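A look at the structure
Single-letter residue listing:
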Amino acid sequence: ILNVEQSPQSLHVQEGDSTNFTCSFPSSNFYALHWYRWETAKSPEALFVMTLNGDEKKKGRISATLNTKEGYSYLYIKGSQPEDSATYLCARVGGSGYALNFGKGTSLLVTP
Amino acid sequence: DVKVTQSSRYLVKRTGEKVFLECVQDMDHENMFWYRQDPGLGLRLIYFSYDVKMKEKGDIPEGYSVSREKKERFSLILESASTNQTSMYLCASTTGTGGHEQYFGPGTRLTVT
């Protein structure tokens, strides 16, 4: 099992703050990197899938970057809102190109 | 909208019982996955299937088996449930390889007493 590490484990910010999380992963035999948002009582939903070194993706106030050579990805949330409160998961795909190895997630709480 | 459904949201079973967790997707996806989520451990892959009747072990297959007789349905079987299989079970599906997002079901919270 290849370890995917996420930091911080949890984060509590005020509405309007910008924040970022880190996902570290083994850089060898890399295929893709996924980010998911998992809200309480709901299913995880995909935010981004990135495959190329230097990839940057954006969806509204959320963006992500990828560095496959050094094995990390950042997720940024600009102007956090209470509805951004969720657990953010990253997952690496390697080897066979099918299976995701997930990190333990970053739990974000945004208070008004 | 892609829809992945799971047969139960909550399930309580006794130790030693045979348990079936069913997952159905409606988007003609080739690949389906079973994960379990435990506090402090993240999502861990139990089994996946890339075609009908095909299966591959994930990271923690011990104590589980799977069945994929039809493309849209992927079943997880606990042959003899044990208390350490108490967990949240999530099913997912996707098309193509790992460069495509996975679509998750709502999860089944299984308690084995």
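Up top you'll find the structure we're talking about.
Cut-offs and rules
- Residues numbered from 1 in each chain as written.
- Chains lettered and ligands numbered in written order.
- Predicted model: local features only at pLDDT ≥ 70, side-chain atom pairs only at ≥ 80, totals over all residues.
- Heavy atoms only, no water.
- Contact = heavy atoms within 4.5 Å.
- Buried area = accessible area lost by both parts, 1.4 Å probe.
- Salt bridge = Lys/Arg side-chain N within 4 Å of Asp/Glu carboxyl O.
- Polar contact = N/O pair within 3.5 Å; in protein donor to acceptor, adjacent residues only side chain to side chain.
- Helix = DSSP H or I, 4+ residues; strand = E, 2+ residues; numbered from the N terminus.
- Nonpolar A, V, L, I, M, F, W, Y, C, P; charged D, E, K, R; others polar.
- 1 Å grid on protein atoms, 1.4 Å probe; cavity = no way out; pocket = protein on both sides within 12 Å on 5 of 7 lines; lining within 4 Å.
- Points joined across faces, edges and corners; volume = space filled by probe spheres on them.
- Pairing = 2+ DSSP bridges.
- Axes fitted to C-alpha atoms, helices over the stretch in contact; angles between N-to-C directions.
- Buried < 20%, exposed > 50% of the residue type's maximum accessible area, 1.4 Å probe, protein only.

Between chain A and chain B, the residue contacts involve 21 residues of the former and 24 residues of the latter. Three residues stand out in chain A for area buried against chain B, namely Trp38(A), Tyr98(A) and Phe102(A), and they jointly supply 31% of the buried area on that side. For the pair chain A and chain B, the number of links is zero salt bridges. Run the count over chain A and chain B and you get five residue pairs in polar contact (both at pLDDT 80 or more). Counting only elements with at least two residues in the side of chain A that touches chain B, the list comes to strand 4 (30-38), strand 5 (45-50), strand 9 (86-94) and strand 10 (100-102) of chain A. Examining the composition of the side of chain A that touches chain B, we find that five residues originate from one element, strand 4 of chain A, more than from any other. The class makeup of the residues in the side of chain A that touches chain B is 15 nonpolar, five polar and one charged.

With that settled, the discussion passes to the layout of surface pockets. Its volume calculated, the largest pocket comes out at about 900 Å³. Around the largest pocket, the lining is made up of 39 residues, and of these Lys104(A), Gln37(B), Asp38(B), Gly42(B) and Leu43(B) lie nearest the centre. For the lining of the largest pocket, the elements supplying multiple residues, two or more each, are strand 1 (5-7), strand 9 and strand 10 of chain A together with strand 4 (31-38) and strand 5 (42-51) of chain B. At four residues, the largest contribution of residues to the lining of the largest pocket is made by strand 5 of chain B. Looking at side-chain class alone, the lining of the largest pocket contains 16 nonpolar, 14 polar and nine charged residues. In this structure, the second largest pocket spans a volume of roughly 220 Å³. Lining the second largest pocket are twelve residues; nearest its centre among them are Ser43(A), Pro44(A), Glu45(A), Tyr103(B) and Phe104(B). Listing elements by their share of the lining of the second largest pocket, those giving two or more residues are strand 5 of chain A together with strand 10 (103-104) of chain B. For the lining of the second largest pocket, a count of residues per class yields six nonpolar, two polar and four charged.

Turning to the sheet that holds strand 1 (residues 4-6) of chain B, a few remarks are in order. Residue and element names in this part refer to chain B. Taken in spatial order, the four strands of this open sheet run 1-3-8-7, and their pairing is antiparallel. Single-partner strands in this sheet number two, and they are strand 1 and strand 7 (65-70). Going across the sheet, the axis of each strand differs from the next one's by a mean of 20 degrees, ignoring polarity. In this sheet, strand 8 (residues 73-78) lies alongside strand 7 in antiparallel orientation, the contact comprising four bridges. Residue pairing across strands places Ser 67 opposite Ser 75, the latter belonging to strand 8.

Where side chains of opposite charge bring their charged atoms close, a pairing between them can arise. Residues and elements named next belong to chain B. Applying the stated criterion across every chain, the model contains eight salt bridges over all chains. Here Glu 79 ties to Lys 18 by a salt bridge, and the two come within 3.5 Å at their closest N and O atoms. One end of the pair, Glu 79, is in the loop between strand 8 and strand 9 (87-94); the other, Lys 18, is in the loop between strand 2 (10-13) and strand 3 (19-25), and 61 residues separate them in sequence. Look at Lys 18 and you get partly exposed, because its relative accessible area is 44%. What you see here is one network of salt bridges that share partners, running through Arg 36, Asp 38 and Arg 44.

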